[in-house]
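For reference, the chains in residue letters:
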Protein chains: 2
Amino acid sequence: MERVPILKIGDILLVSIQVDMSDQTAIQLQEDLAERIVATGCHGVIIDITALDIVDSFVGRMLSTIASISKVLDAETVVVGMRPAVAITLVELGLSLNGIRTALNVERGMELIAATRADDGDVAFDDEDADPTATP
Amino acid sequence: MERVPILKIGDILLVSIQVDMSDQTAIQLQEDLAERIVATGCHGVIIDITALDIVDSFVGRMLSTIASISKVLDAETVVVGMRPAVAITLVELGLSLNGIRTALNVERGMELIAATRADDGDVAFDDEDADPTATP
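Residues numbered from 1 in each chain as written. Chains lettered and ligands numbered in written order. Predicted model: local features only at pLDDT ≥ 70, side-chain atom pairs only at ≥ 80, totals over all residues. Heavy atoms only, no water.

*Asks:* Any chance you could explain the pattern of salt bridges here in plain terms?
*Replies:* Close approach of charged atoms lets side chains of opposite charge pair. According to the stated counting rule, one finds 12 salt bridges over all chains in the structure shown. One salt bridge connects R101(A) with E76(A), and the closest N-O pair in it is separated by 3.5 Å. With a gap of 25 residues between them, R101(A) in strand β5 (residues 101–103) and E76(A) in strand β4 (residues 76–80) connect regions that are remote in the sequence. Look at R101(A) and you get partly exposed, because its relative accessible area is 32%. Overall, the relative accessible area of 9% leaves E76(A) in the buried class. Between D74(B) and R117(B) there is a salt bridge, with the nearest N and O atoms lying 3.5 Å from each other. Residue D74(B) is found in the loop between α2 (57–72) and β4 (76–80), and its partner R117(B) is found in helix α4 (residues 106–134); the two are separated by 43 residues along the sequence. (Salt bridge = Lys/Arg side-chain N within 4 Å of Asp/Glu carboxyl O. Helix = DSSP H or I, 4+ residues; strand = E, 2+ residues; numbered from the N terminus. Buried < 20%, exposed > 50% of the residue type's maximum accessible area, 1.4 Å probe, protein only.)

Structural data, given as structure tokens:
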């Protein structure tokens with residue numbers, strides 16, 4: 001059975017999908033990713049789909065599932081490298097990638113994850129800041 | 001024809017090989033990589049072979065060729081993610097990966113490239129430093 005490799009770069013796990021995803025490969029990838037997120041404590045997952053000529057409902061659902069699993073494990077998922085033709089087909093097919101954020105390339109995906117984490121930090125800070133005024 | 005995607009991360013181009021390399025795919029990858037090195041001015045190429053169960057003489061030669069091309073274009077090549085079984089087979093087959101540097105994973109590969117670039121910088125500095133004493 002083929003396994004999609006997961007690369008760790010700093011605080012981010014990078015997955016480059018190049019092979020046709022079978023049920024088995026997809027489930028294996030989801031399990032591997034969940035395990036790696038927990039083991040490494042990474043806060044971001046970048047899925048590169050540059051190599052994919054087509055994203056059908058199966059792959060779309062797999063991406064959504066991965067995003068949901070990562071979210072539960074406190075990691076942001078960004079899909080990068082989508083080809084223009086793939087985007088057009090997705091819209092024509094009426095497939096919306098629910099809960100999936102996209103970026104043009106890996107670098108922008110990393111920036112997006114970093115920005116999201118920073119924003120989360122700000123929110124936590126604002127809450128703390130608001131507490132003293134709320135107590136009296 | 002399948003194309004292996006090349007991802008740019010900072011000053012480094014990352015290639016994750018997951019498909020069986022045919023002659024055509026290998027040549028395409030070499031051309032694509034050479035073009036991307038020139039277009040981006042990147043100084044490092046990391047080739048991830050985590051997904052490969054076997055590295056035969058064909059793949060070995062391809063890796064050597066990529067390393068040589070990159071060298072000419074002023075970029076260091078590091079092969080990462082080699083499985084223990086692959087390393088054992090390589091040695092048993094008597095295949096030496098000429099001119100190829102290896103690292104355990106992508107992060108260590110990046111460190112190796114950064115260290116090599118820094119060393120190169122030192123050498124250039126030492127030369128400059130040596131010049132004044134050499135002139136008189």
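*Asks:* Please clarify how the interface of chain A and chain B should be interpreted in this entry.
*Replies:* Quite often, the size of an interface is put as the accessible area lost when its parts meet. Contacts between chain A and chain B engage 18 residues on the former and 18 residues on the latter. When the area that chain A buries against chain B is broken down by residue, the three leading residues are L7(A), Q18(A) and E107(A), summing to 39%. Counting across the chain A and chain B interface gives 2 salt bridges. At the junction of chain A and chain B, the tally comes to 6 residue pairs in polar contact (both at pLDDT 80 or more). (Contact = heavy atoms within 4.5 Å. Buried area = accessible area lost by both parts, 1.4 Å probe. Polar contact = N/O pair within 3.5 Å; in protein donor to acceptor, adjacent residues only side chain to side chain.)

*Asks:* Looking at this structure, how should I read the confidence of the model for chain A?
*Replies:* The predicted coordinates ought not to be read in detail in places where the model reports low pLDDT. For chain A, per-residue confidence averages 86 on the pLDDT scale, and 88% of positions sit at 70 or higher. Scored below 50 in pLDDT, residues 124–136 of chain A shows 0 contacts in the model against residues more than four places distant or in partner chains. (pLDDT = per-residue confidence, 0-100.)

*Asks:* Sorry, what's going on with helix α1 (residues 23–40) of chain B here?
*Replies:* Residues and elements named next belong to chain B. The end-to-end C-alpha distance of α1 is 26 Å, a good match for the 26 Å that 18 residues give at a rise of 1.5 Å each. Elements in contact with the buried residues of α1: β1 (6–9), β2 (12–16), β3 (44–48) and α2. Two residues or fewer past α1, G41 is found with a positive phi of approximately 70 degrees. (Expected span 1.5 Å × (residues − 1).)

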